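# Remarks on the overall topology
The lines below spell out each chain.
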Amino acid sequence: MSLTQSSAGNIASTASIAARRLAVLSNAERNEALTVLYQDLLANKDAILAANAKDVALASRAAEDGDLNSSVLKRLDLSRPGKYDDMLQGILSVRDLDDPIGKVTLKTLLDDGLTLERVSCPIGVLLIIFEARPEVIANIAALSIKSGNAAILKGGKESTESFVAISTVISQAISKTRVPKSSIQLVQTRDVVSSLLAQDTLIDLVIPRGSNDLVRFVKDNTKIPVLGHADGLCSAYVHHDADPEVSVKVLVDSKTDYPAACNSLETLLVNEAVLRTILPTVAKALVAKGVTLKCDESSKSALADTLEAAQMTSVVDAVESDYNTEFLDLILAIKTIPASAPDSGVDAAIDHINTHSSKHTDIILTKSKATADYFMSSIDSAGVFWNASTRFADGMRYGFGTEVGISTNKIHSRGPVGLDGLTIYKYLIRGDGHRAGDYFDGAGGKKWKHKALPL
């Protein structure tokens, strides 16, 4: 990995050259690089965690002074139980996936001796700009190498020590393999970002990972296609026939498993028919986990009648903006959905989510398959789940090995973006002197066969 402060043009140009060389390496050669990468990151775990501890110490002081969001601090810490091991396992998981390059997804006989194929191929050069999350370097390096793409990485200043330590190890690992060293480049200087965003002839895709301000800045300042999401405003709807036990399990996990994640639950919609049955049980479990509940009038009234006084100290009044807020903390906004006929509230819940959602991940709790299917078809989000936690919206949990990010786009790739999301396709025609001008209606014209062939 090259720690370079060269001009943006040189960075993008060397990445473009490396991408072309990387794209023609065999799957075995790319997999070998991932094996070496895993081994070297494992061998240098103590040194990397020591560097990360320096970042965490500085970030902790910044958080205490109010200069850094606590959710950023949580994402920064590589020493959290299982986090480093998950990073390493992600590399092996990516290595063991099928080769995403060279997959034939369409094959057509245009005419005798003339065939058309649609074949998967790398996108080219990726620019990934991210805040905190030092494990992103390893994730991106693994995904990029496996998918045949070069990557330019720009991390946040709050994790500089971690990035330098990890990048040094990755640089050493890559140098032992057939993968070009400049396939993965880390940019440290902040002022080069705007110049990189202008390299639309050399960089093929930008992936911002971080705050909504970062994503919006990138989208507003480049002509390069952008893959990402600004917010993770995930909602859950508890229907009148939801199972109480399932509701507690799913909602507590969605909110408290990792509140700082973009797939954590932020808004809870509750059918008024279960305000005094299911909601109190859910509320007690959430409050026990330290969650503050920001309730509308109806839900607060129901909880006041069913919760103990000590528990009600965690229940506060909601304001309208709460239903548009990604808290990234142990805070949950609750809103009552009228149980009006004939839809029993499901349409009102759908309307609320489609109006307020960031189109990341939304869920429904119900016993009815018909209601769940209707909800899942109606919600316009990258992920829609039935009786399952929002936290399942993750590349590792989807079996993608790891992910380069989450996309709420409606083109190319959507949801957790793994290997397949880092490939595009090209059309290949093989012929034997065939001429397009020979195909026409009338005397002497040749006819197309357009026959689908087995893949």
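Residues numbered from 1 in each chain as written. Predicted model: local features only at pLDDT ≥ 70, side-chain atom pairs only at ≥ 80, totals over all residues. Heavy atoms only, no water.

In this section: empty space enclosed by the protein. For the structure on display, the rule yields one cavity of 30 Å³ or more. The volume enclosed by the largest cavity comes to roughly 30 Å³. Every residue along the wall of the largest cavity is listed here: Ile 207, Pro 208, Arg 209, Gly 210, Leu 227, Gly 228, His 229, Gly 405 and Ile 406. Put simply, the parts of the chain that give the lining of the largest cavity at least two residues each are strand 7 (205-209) and strand 15 (405-407). The biggest single contributor to the lining of the largest cavity is strand 7, with three residues. Partitioning the lining of the largest cavity into residue classes produces four nonpolar, four polar and one charged. (1 Å grid on protein atoms, 1.4 Å probe; cavity = no way out; pocket = protein on both sides within 12 Å on 5 of 7 lines; lining within 4 Å. Points joined across faces, edges and corners; volume = space filled by probe spheres on them. Helix = DSSP H or I, 4+ residues; strand = E, 2+ residues; numbered from the N terminus. Nonpolar A, V, L, I, M, F, W, Y, C, P; charged D, E, K, R; others polar.)

On to the domain arrangement of the protein chain. You can read the domains of the protein chain as domain 1 (3-100 + 119-220) and domain 2 (234-397). On a C-alpha basis, the centroid separation for the pair domain 1 and domain 2 is 35 Å. In this complex, domain 1 contributes nine residues to the contact, which on the side of domain 2 involves seven residues. Summed over both partners, the interface of domain 1 with domain 2 comes to about 650 Å²; 48% of that surface belongs to carbon and sulfur atoms. The largest share of the area that domain 1 buries against domain 2 comes from Ser 71, Lys 74 and Arg 75, three residues that together contribute 55% of it. Inspection of the domain 1/domain 2 interface yields zero salt bridges. Taken together, the links from domain 1 to domain 2 amount to one residue pair in polar contact (both at pLDDT 80 or more). Secondary-structure elements contributing two or more residues to the side of domain 1 that touches domain 2 are helix 4 (70-76) and helix 5 (83-95). Of the residues contributing to the side of domain 1 that touches domain 2, the split by class is no nonpolar, four polar and five charged. (Domains from an automatic or database assignment. Contact = heavy atoms within 4.5 Å. Buried area = accessible area lost by both parts, 1.4 Å probe. Salt bridge = Lys/Arg side-chain N within 4 Å of Asp/Glu carboxyl O. Polar contact = N/O pair within 3.5 Å; in protein donor to acceptor, adjacent residues only side chain to side chain.)

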